[in-house]
Amino acid sequence: MTEDDMLQVSVKGVYVVRVREGFGAPTVLLEDSTGRIMPIYIGHPEALSINMVLNQETMPRPMTHDLMISILDRLETDVVNIFIDDKIENTYYARLVINRDGLSMDIDARPSDCIALALRSEASIYVKEDIFESVAIDKDSLQDIESLDTF
C-alpha cells in the first residue's frame with residue numbers, strides 16, 4: 001500500500017459521543033483537507049493520552065505513549081507515519097511505520113495508539129481513502145449532533 005490511495009488527515013479533537021441513553025464513548029475525530037470528519041471510538045486511556053497532546057499538557061510521570069516515544073528515541077528510531085488501512089466489521093486496523101538507520105518497519109497497532117504516537121512525534125496520519133469515504137460525515141453536520149461534548 002502506498003500513500004497514493006491514502007488521505008492525509010489531522011486530529012480535530014477528542015470528544016465523548018453518547019451512543020445510548022446515559023452512555024458516552026470517547027471518540028477521536030479525524031479531519032481531511034475538505035473538512036469531512038471520520039469518527040473512531042477509542043478507549044478512555046487512549047482518549048486521555050491523545051487529548052493531553054492536543055492540549056499540550058503533561059503528567060508529572062510519563063504515560064505509556066510518552067514511554068514508547070522515549071524508548072524509540074533512545075533506540076534512534078523515528079515514527080515516520082501511520083496508516084489506518086483496514087476496517088473489518090466495526091474495528092479499524094492501523095500500522096505504525098518506524099525507521100531506524102534507513103530500515104523502514106511496519107508495526108500492527110490500534111489506531112488510537114498510532115494516533116497518540118503520531119501526535120507526539122509529529123508524524124503524518126493517513127487513512128485509506130475508501131475507508132474514509134465510507135464513514136465520513138460533513139463538518140457542518142457536527143453542529144447537529146447534540147451528543148458531542150469535549151473530552
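What counts, and at which threshold
- Residues numbered from 1 in each chain as written.
- Predicted model: local features only at pLDDT ≥ 70, side-chain atom pairs only at ≥ 80, totals over all residues.
- Heavy atoms only, no water.
- Core = buried A, V, L, I, M, F, W, Y, C linked by side-chain atoms within 4.5 Å.
- Buried < 20%, exposed > 50% of the residue type's maximum accessible area, 1.4 Å probe, protein only.
- Helix = DSSP H or I, 4+ residues; strand = E, 2+ residues; numbered from the N terminus.
- Pairing = 2+ DSSP bridges.
- Salt bridge = Lys/Arg side-chain N within 4 Å of Asp/Glu carboxyl O.
- Axes fitted to C-alpha atoms, helices over the stretch in contact; angles between N-to-C directions.
- Parallel < 35°, antiparallel > 145°, perpendicular 65-115°, else oblique.
- Left-handed = near helix turned anticlockwise from the far one by under 90°.
- Contact = heavy atoms within 4.5 Å.

Draft legend 1. Summary view of the nonpolar core. The biggest cluster of nonpolar side chains holds 31 residues, and the ones touching the most others in it are Val-28, Leu-30, Met-38, Ile-84 and Ile-115. Looking at which element gives the most residues to this core, the answer is helix 3 (residues 111-121), with 5 residues.

Draft legend 2. Structural view of the environment of Lys-139. Looking at the secondary structure, you find Lys-139 in the loop between helix 4 (129-135) and strand 8 (148-150). When the C-alpha atoms of Lys-139 and Asp-32 are compared, they prove to be 10.0 Å apart, with 107 residues separating the residues in sequence.

Draft legend 3. A look at the pairing of strand 2 (residues 23-31). Among the 9 residues that make up strand 2, 7 are buried, leaving the element largely enclosed by the rest of the structure. Counted along the chain from strand 2 to the antiparallel partner strand 3 (residues 37-41), the turn is 5 residues long, and its residue Gly-35 has a positive phi close to 95 degrees.

Draft legend 4. The pattern of salt bridges, seen in detail. In the structure shown here, the tally under the stated rule is 7 salt bridges. Note that Asp-32 is salt-bridged to Arg-36, the shortest N-O span being 2.5 Å. For Asp-32, a relative accessible area of 8% puts it in the buried group. In this structure, a network of salt bridges that share partners links the residues Asp-32, Arg-36 and Glu-133.

Draft legend 5. Examining the packing of helix 2 (residues 64-74) against helix 3 more closely. In contact at an axis separation of 10 Å, helix 2 and helix 3 are set at 60 degrees when each is read in the N-to-C sense. Between helix 2 and helix 3, the angle is such that the two are oblique. Helix 3 is crossed by helix 2, and the crossing has right-handed handedness. Mapping the contact onto sequence places His-65, Asp-66, Met-68 and Ile-69 in helix 2 and Asp-113, Ala-116, Leu-117, Arg-120 and Ser-121 in helix 3.

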